[in-house]
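Fold and geometry: a report
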Amino acid sequence: MTVLEIKDLRKSFGKNEVLKGISFKVEKGEAVAIIGSSGSGKSTLLRCATLLETADDGSICYKGKYLLKDKVYAEKDELKEICSSFGLVFQNFNLFPHMSVMQNIIEAPMLVKGISREDAEARARDLLSQMGLSDKENAYPCELSGGQQQRVAIARALALDPDVLFFDEPTSALDPELTGEVLAVIKRLAEADMTMVIVTHEMAFARDVAEKVIFMDSGVIAEEGDPKELFYHPKTDRLKAFLHNANI
Amino acid sequence: MFETVLKALLEGFGKSLEIFALTLLGALPLGLIISFGSMSKFAPLKVVTRAVVWVVRGTPLMLQLIIFFYGPGLIFGTNIWGIGSQGRFIAVIVAFVLNYACYFSEIYRGGIEGISRGQYEAGQVLGMNKSQVFFRIVLPQVVKRIIPPMSNEIITLVKDTSLARIIGVYEIIYFGEKFIKSDGIIWPLFFTGVFYLLFSGVLTLLFGYIEKKLNYYHN
């Protein structure tokens, strides 16, 4: 089943065209990695897909329902439903600093989905144990390391049971030694067949975890396909140069 | 004598407290609304709001009290405040509320603009609507940020209540000063200072307590 289908997506900031017609599909259970140098449009693509930016043209379709089609966004009620199909993990975590770890996770399920506190807390505890953070439910974000904060952010996103989870450079704000713990969590999610789209600069991780890799270059998808194929037999000069600089 | 003075001063202090409490009651919410106006994406509203804030913050409260009270009667020929001490008191409250709301609005604006965009985005991606994001995510963080400047402003308000006498609302200093004329004694006037000191002392402790309470997290 196709969870997400993006067709010919375009987005400009002023005269600067950042996305020049992006098309790709994400199937259920698939982990897709998006790589590319800074400014290639990766983050903008994710922000358009999650409605943090409005795209100029093209279509975005979640599970057969159009978020955007022919420059028109879905109506409010439908929009809300479609938006519950995805979650996003930010580079800077963006946890709510005034809420405990538990509150961070149960806030949206209770407020948005109307789930009871007991059920939301039970689910949160389950997710926290998956993240290896069972002892932190009463801690505040400022008391946690960056890696722990990011794992809470992943739990928070998962608590809403999204069909697809986006990661926007989830380890870029972390020290190298903390990167590993977050990548390990994402890898476990991939093994559990969570549908994910991961923008990352961690090439070895993309190669080992993703089922499909998309290489973006100046607003277009320059190359995409099987990670091993893409990393060991790049077709375009642009990808060859990128991989060379990335030392892989 | 002491008893007479104390009774008179307590009556005046009661009036000062009334002005203080009613001003806060009106200016705290009105200030938030004005801050929305001054941050509005609708340019005319933003310009008008900021102009009003500029005028109100840029002129003395005493002048505003006089204009508010006498202005309607002298310019339009109707005393909108009603007659007697009640009318004067209403004029005082209106002028105080507007004045303090403008100061508060700038404090709110600073607090709100200091919240990172990521907080709004996180709320939005989690499916919260705009008011949920504002009241559950943004406002609680704003409150923590604005407590120190707010406590400053509120302690200033304690002392500003003394301006009310300019249009004949009899607050504590009026009563204290009366004893100079009637009995030739100055100590009641000094004594009024004790009331101010005690009250601002209590507020300082209260705000210190609130700040400490909100210290359970930092950004």
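Now for a look at the structure at hand. (Residues numbered from 1 in each chain as written. Chains lettered and ligands numbered in written order. Predicted model: local features only at pLDDT ≥ 70, side-chain atom pairs only at ≥ 80, totals over all residues. Heavy atoms only, no water.)

1. Topic: the nonpolar core
Here is the rule: We call a set of buried residues a nonpolar core when its members are Ala, Val, Leu, Ile, Met, Phe, Trp, Tyr or Cys and they connect through side-chain atoms within 4.5 Å of each other. Each residue gets one of three labels from its accessible area relative to the maximum for its type: buried under 20%, exposed over 50%, partly exposed in between, using a 1.4 Å probe on protein chains only. Secondary structure elements are defined from DSSP: runs of H or I of at least 4 residues count as helices, runs of E of at least 2 residues count as strands, and each element is numbered from the N terminus. It only takes one pair of heavy atoms within 4.5 Å for two residues to be counted as in contact.
Counting 101 residues, the largest nonpolar core has L9, L45, Y62 and F166 of chain A as its most contacted members. Take this core: its biggest share by element is 14 residues, from helix α4 (residues 84-113) of chain B. Ignoring anything within four residues of it in the chain, the contact list for L45 of chain A reads I6, L9, L19, I22, F24, I34 and M216 of chain A. Residues V152, L178, A190 and I198 of chain A belong to the second largest nonpolar core, which totals 38 residues.

2. Some words on the side chain of S105 of chain B
Residues and elements named next belong to chain B. Turning to its location among the elements, S105 is positioned in helix α4. S105 sits in the buried class, given a relative accessible area of 0%. When residues no more than four places from it in sequence are discounted, the contact partners of S105 are G31, I34, S35 and V53.

3. Observations regarding the pattern of salt bridges
The condition that has to hold: Put simply, a salt bridge is a Lys or Arg side-chain nitrogen that is within 4 Å of an Asp or Glu carboxyl oxygen.
With the rule as written, the count across this model stands at 24 salt bridges over all chains. Between D8 of chain A and R10 of chain A there is a salt bridge, and its shortest N-O distance comes to 3.5 Å. Owing to a relative accessible area of 35%, D8 of chain A belongs among the partly exposed residues under this scheme. By relative accessible area, R10 of chain A is classed as partly exposed at 29%. Salt-bridge contacts for E121 of chain A lead to R125 of chain A; the nearest nitrogen and oxygen are separated by 3.9 Å. Taken as a pair, E121 of chain A and R125 of chain A lie in helix α4 (residues 117-130) at a separation of four residues, close to a single helical turn. Since its relative accessible area comes to 39%, R125 of chain A is described here as partly exposed. Connected through salt bridges with shared partners, the residues R47 and E53 of chain A together with R117 and E121 of chain B form a single ionic network.

4. Regarding the interface of chain A and chain B
The condition that has to hold: Once two parts are put together, the accessible area they lose, assessed with a 1.4 Å probe and summed over both, is termed the buried area. In the analysis that follows, any N or O atom pair within 3.5 Å is treated as a polar contact, provided that within protein one partner can donate a hydrogen and the other can accept it, and provided that, for residues neighboring in sequence, both atoms belong to side chains.
Across the boundary between the two partners, chain A contributes 22 residues, which contact 20 residues of chain B. Buried area between chain A and chain B, summed over both chains or domains, comes out near 2,000 Å², and the portion from carbon and sulfur atoms is 64%. Area buried by chain A at its contact with chain B is led by F96, P97 and H98 of chain A, which between them contribute 28% of it. Between R47 of chain A and E121 of chain B there is a salt bridge, with its nearest N and O atoms 2.6 Å apart. One can count eight residue pairs in polar contact (both at pLDDT 80 or more) joining chain A with chain B. Only β7 (86-89) and α3 (101-113) of chain A provide two or more residues apiece to the side of chain A that touches chain B.

5. What to know about the sheet that holds strand β1 (residues 2-13) of chain A
Adjacent strands of a sheet pair through backbone hydrogen bonds, lying either parallel or antiparallel. Residue and element names in this part refer to chain A. Applied cut-off: Any two strands with at least two DSSP bridges between them are considered paired. Whenever a helix is involved, its axis is fitted only over the stretch in contact; in every case the axis is a line through C-alpha atoms, and angles between N-to-C directions fall within 0 to 180 degrees.
Taken together, the five strands give an open sheet; going across it, the order is β2-β1-β4-β5-β6, and neighbouring strands pair in antiparallel fashion. Because the sheet does not close on itself, it has two edges, and the strands there are β2 (16-27) and β6 (72-73). Sheet topology places β1 next to strand β4 (residues 57-62); five bridges connect them, and they run antiparallel. Across the sheet, residue L4 finds its bridge partner in β4, namely Y62. The strands touched by helix α1 (residues 42-49) within the sheet are β1, β2, β4 and β5 (65-69), with β1 carrying the most contacts at an inclination of about 115°. Set on the sheet, helix α2 (residues 76-83) makes contact with β4 and β5; between it and β5 the angle comes to about 115°.

6. Here's the deal with a nonpolar patch on the surface
How we decide: In this analysis, a patch consists of residues with relative accessible area above 30% that form no salt bridge, clustered at 9 Å for like charges and at 5 Å for the nonpolar side chains Val, Leu, Ile, Met, Phe, Trp and Tyr. In these tables, accessible area is a Shrake-Rupley quantity obtained with a 1.4 Å probe, and a residue counts as shielded only by the protein chains included in the view.
Taken together, the side chains of M62, I66, Y70, L74, I75, F76 and I166 of chain B present a nonpolar region at the surface, about 740 Å² in accessible area. Of note, L74 of chain B is situated in helix α3 (residues 61-76).

7. Details of helix α5 (residues 117-125) of chain B
The complete set of buried residues in α5 of chain B reads G118, Q119, E121, A122, G123 and V125 of chain B. Lining the buried residues of α5 of chain B we find α1, β7 and α5 (146-158) of chain A together with α6 (130-160) of chain B.

8. Points about unusual backbone geometry
Residue and element names in this part refer to chain A. In this structure, D8 takes a positive phi of about 50° despite not being glycine. Structurally, D8 can be placed in strand β1. Look at K63: it is not a glycine, yet its phi comes out positive at around 45°. With respect to the element layout, K63 can be found in the loop between β4 and β5.

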